[in-house]
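Survey of secondary and tertiary structure
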Amino acid sequence: MTPILNVARSILGQPWHWRGGGADGRDPGFQPDDLITQLLLARGCPRDAIDQYRSPTIRSFMPDPAIFQDMDRAAERIADAVKAGETVTIFGDYDVDGATSAALLIRLLRELGLSARSYIPDRLMEGYGPSGEALVRLASEGSTLVVTVDCGAQAFEALEMAHTAGLDVVVVDHHKCAATLPSAYALVNPNRLDESNEGAAHGHLAAVGVAFLLGAALIRTLRQRGWFNSRPEPRLIDLLDLVALGTVADVAQLRGLNRAFVAQGLKVMAQRRNIGLSALIEASRLNRAPLCHDLGFALGPRINAGGRVGKSDLGVRLLTTEDPGEAREIAEELDRLNEERRAIEGQVQADAEALSAAQHNRAVAVIAGKGWHPGVIGIVAGRMKEKLGRPAIVIALDSDGIGKGSGRSVTGVDLGAAVLAAKESGLLTVGGGHSMAAGLTVAADKVDALADFLDERLASDVARATEGRALLIDAVLNPGGINPDFVHAIDEGGPYGTGWPAPRIAAGPMRIIKADIVGNGHVRVILSGDDGRSIKAIAFRQSETPLGQALLGAGPDRRLWVAGRAKIDDWGARPAAELHLEDAAWIN
């Protein structure tokens, strides 16, 4: 780390550490190739895999689908259904991962000549995952095969009822599994406890990634059976736009195969082949090809809005329609529902923040409130996790004393496993998830016991994850170095996201020329450097935090360093670079 950063005093009280790579601001010139190499190495890329990670392709990262337990069995069963023209239903979760997983399989089966149905449960009326009643009803309506996507790994009772009714169920999931598996015809999940080391290495995949691998196994099975001797073989790669959207929106780690899924999926998305996605891009008012962060902050929330505050099947309908008019109508409805969701979320978050003040000594913040809309608790949990710097679970309690909860974790703390353990101990009616996110159902009189259980189980993990908190800096720049060329250069090390963080830079020394509040508590700043150059910066939702108050109250004589992510602001006539602030450090 450079000496200037060692003497700076962070406003947020966390040290700034040099991550190990990047440009030196005291010498504005840099070689982009060298910069990207250093960024990749700093994120754990093996030196002999630099080229593979710099240009991630499906071919270079794709495993043989057969390495996963039950994959070939699942592919054989679906292939039988394709050849026999069976009635197949894809049963998905109501979030983006579930919607994209279901859409991928429906579109693939359509190209194979089979028109599959979809079933997305209502979040409020049916809850998460397959119910026995729903599966039995699908069987009575003629379905002989149901494929669950992004759910089913913990559906013991429901799958037993389906088995009794003579319905074959193939489970495609990525959530934590128990030691005993439900009675599915096949259960494909890299997080099965009996998975091979090769398969378990892909436990970071979202469900849509697992569905893509199943699609590859299905095409291979049908090819071996001669199915394509007289008909064209589907281009599975054309469905990577769905895989990219589901992967990013589900906050899956962008390493290994997921990097290839997102990098190549963005290229497919830019071609606007999916009519529904194209309509959603327009409804999101994006006037360029979507970038990785657009999937998580523009497209994903709109798909989610259907399951959160609207109709649960809107996302799947949008992503599978071939009618431009229908796509436009659904996209506009999702855009409207997303605005409604924002308003609901804001109120729940304000209430949750007020209640969290009494939980400063908890390793995991467990915040419960009556009357909260269960459709926004996952978003609020994510906000609370960021605000508190530790895992957070937000629970919406209904009038019957039943709470629906959603949790978000921090790196190094496996929240899904802890929630599953709480379920097995009898504290929860329903519970499960993966390392970074979890969902649960709990009685109101057991919320405190759940908080105690999580404290005991996760306190040491949370302490380890938080005690070494620091702001990791990739590059130190003069203000003039924050320009579009630099941003485009570092984009070559992407896609960036969970598990593969976007480069964070420190810039300075600078003075604050102007600071004001815009939008929903954002602090907008104009900074001027000693090099005579000025830059725009913004600190999102920071107006009432120590960082925001310091920026707003600083006089023109105080000099500081700032740290954050360099982005392109393309709203003006000419694209310009700006800094999304995360911290600042005074020099005097």
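All right, on to the side chain of Asn-191 then. Mapped onto the elements of the fold, Asn-191 is located in the loop between β7 (186-188) and α9 (197-200). Side-chain polar atoms of Asn-191 contact the backbone oxygen of His-174, separated by 2.6 Å. A polar side-chain atom of Asn-191 sits 3.1 Å from the main-chain carbonyl oxygen of Gly-203. Asn-191 has contacts with His-174, His-175, Cys-177 and Gly-203, leaving out every residue within four places of it along the chain.

Moving on to the nonpolar core. As a rule of thumb, nonpolar side chains are buried together in soluble globular proteins. Ile-90 and Leu-109 are the most contacted members of the largest nonpolar core, which has 127 residues in total. Tallying contributions element by element places helix α10 (residues 207-224) first for this core, with eleven residues. Ignoring any residue separated from it by four or fewer positions in sequence, one finds Ile-90 in contact with Ala-102, Leu-105, Ile-106, Leu-109, Ala-116, Arg-117, Ser-118, Tyr-119, Val-147 and Val-149. In this structure, Ala-363, Val-364, Val-413 and Leu-450 belong to the second largest nonpolar core, which totals 23 residues.

All right, on to the confidence of the model for the protein chain then. Per-chain confidence: the protein chain averages 91 in pLDDT, with 96% of residues scoring 70 or above. Under a pLDDT of 50 for its full length, residues 22-30 has, in the predicted model, 20 contacts with residues more than four places off or in other chains.

A word on the sheet that holds strand β12 (residues 437-443). Reading across the sheet, the five strands line up as β8-β9-β10-β12-β11 and stay open at both edges, with mixed pairing between neighbours. Edge positions in the sheet fall to β8 (365-370) and β11 (430-434), since each of these pairs with one other strand and no more. Across the sheet, the mean angle from the axis of one strand to that of its neighbour is 15°, orientation sign disregarded. The pairing of strand β9 (residues 392-397) with strand β10 (residues 402-408) spans six bridges and is antiparallel. Within β10, the position partnered with Ile-393 by the bridge is Gly-407. Across the face of the sheet, helix α18 (residues 415-424) comes into contact with β9, β10, β11 and β12 while running at roughly 160° to β11. Along the sheet face, helix α19 (residues 447-467) touches β8, β9 and β12 and points at about 170° away from the line of β8.

A few words now on helix α14 (residues 292-309). For α14, spanning 18 residues, the distance from its first C-alpha to its last is 25 Å, which sits close to the expected 26 Å at 1.5 Å a residue. Where α14 bends most, the angle comes to about 45°, and this point is Gly-300, followed within four residues by the proline Pro-301. Where burial is concerned, most of α14 is hidden: 15 out of the 18 residues are buried.

Bridge analysis of strand β14 (residues 475-477) against strand β15 (residues 505-518) gives three bridges, and the strand direction is parallel. Each bridged residue has a counterpart across the sheet, and for Leu-477 the counterpart in β15 is Ala-507. When β15 meets strand β18 (residues 559-569), the two strands line up antiparallel, connected through five bridges. Opposite Met-510, over in β18, you have Leu-560 as the bridge partner. In the sheet, β15 pairs with strand β16 (residues 522-529) via eight bridges, with the strands oriented antiparallel. In the sheet register, Met-510 faces β16, and the bridge partner there is Gly-529.

One open sheet holds the five strands; their spatial order is β4-β3-β5-β6-β7, and the pairing between them is parallel. Of all strands in the sheet, those with a lone pairing partner are β4 (117-119) and β7, marking the two edges. Direction aside, the axes of adjacent strands within the sheet are offset by 20° on average. Against the sheet, helix α6 (residues 96-111) touches β3 (88-92), β4 and β5 (145-149), its axis set at about 160° to β3.

The rules behind the values
Residue positions are given per chain, counted from 1 along the sequence in the order it is written. In view of the model being predicted, local features appear only for residues whose pLDDT reaches at least 70, and side-chain atom pairs are presented and counted only at 80 or more, with totals across whole chains, interfaces and linings using the full set of residues. Only hydrogens and water are removed before side-chain values are computed, so all heavy atoms of the structure are retained for them. Strands here are runs of E lasting at least two residues and helices are runs of H or I lasting at least four, both read from the DSSP assignment and numbered beginning at the N terminus. What qualifies as a polar contact is a pair of N or O atoms within 3.5 Å, subject to a donor-acceptor requirement within protein and to the restriction that residues adjacent in sequence count only when both atoms come from side chains. Two residues qualify as a contact provided that any one of their heavy atoms is within 4.5 Å of a heavy atom in the partner residue. Only buried residues count toward a nonpolar core. Its members are Ala, Val, Leu, Ile, Met, Phe, Trp, Tyr and Cys residues joined through side-chain atoms within 4.5 Å. Buried residues are those whose accessible area, probed at 1.4 Å on protein chains only, stays under 20% of the maximum for their type, while exposed residues exceed 50% and partly exposed ones sit between those limits. The predictor's confidence in any single residue is recorded as pLDDT, a number from 0 to 100. At least two DSSP bridges between two strands are required for those strands to pair. Axes, fitted as lines to C-alpha atoms, cover a helix only where it is in contact. Angles between the N-to-C directions of the axes lie from 0 to 180 degrees. By this rule the span expected of a helix is its residue count minus one, scaled by 1.5 Å. What is called the bend at a residue is the angle between a pair of axes, fitted to the seven residues leading up to and ending at it and to the seven starting from it.

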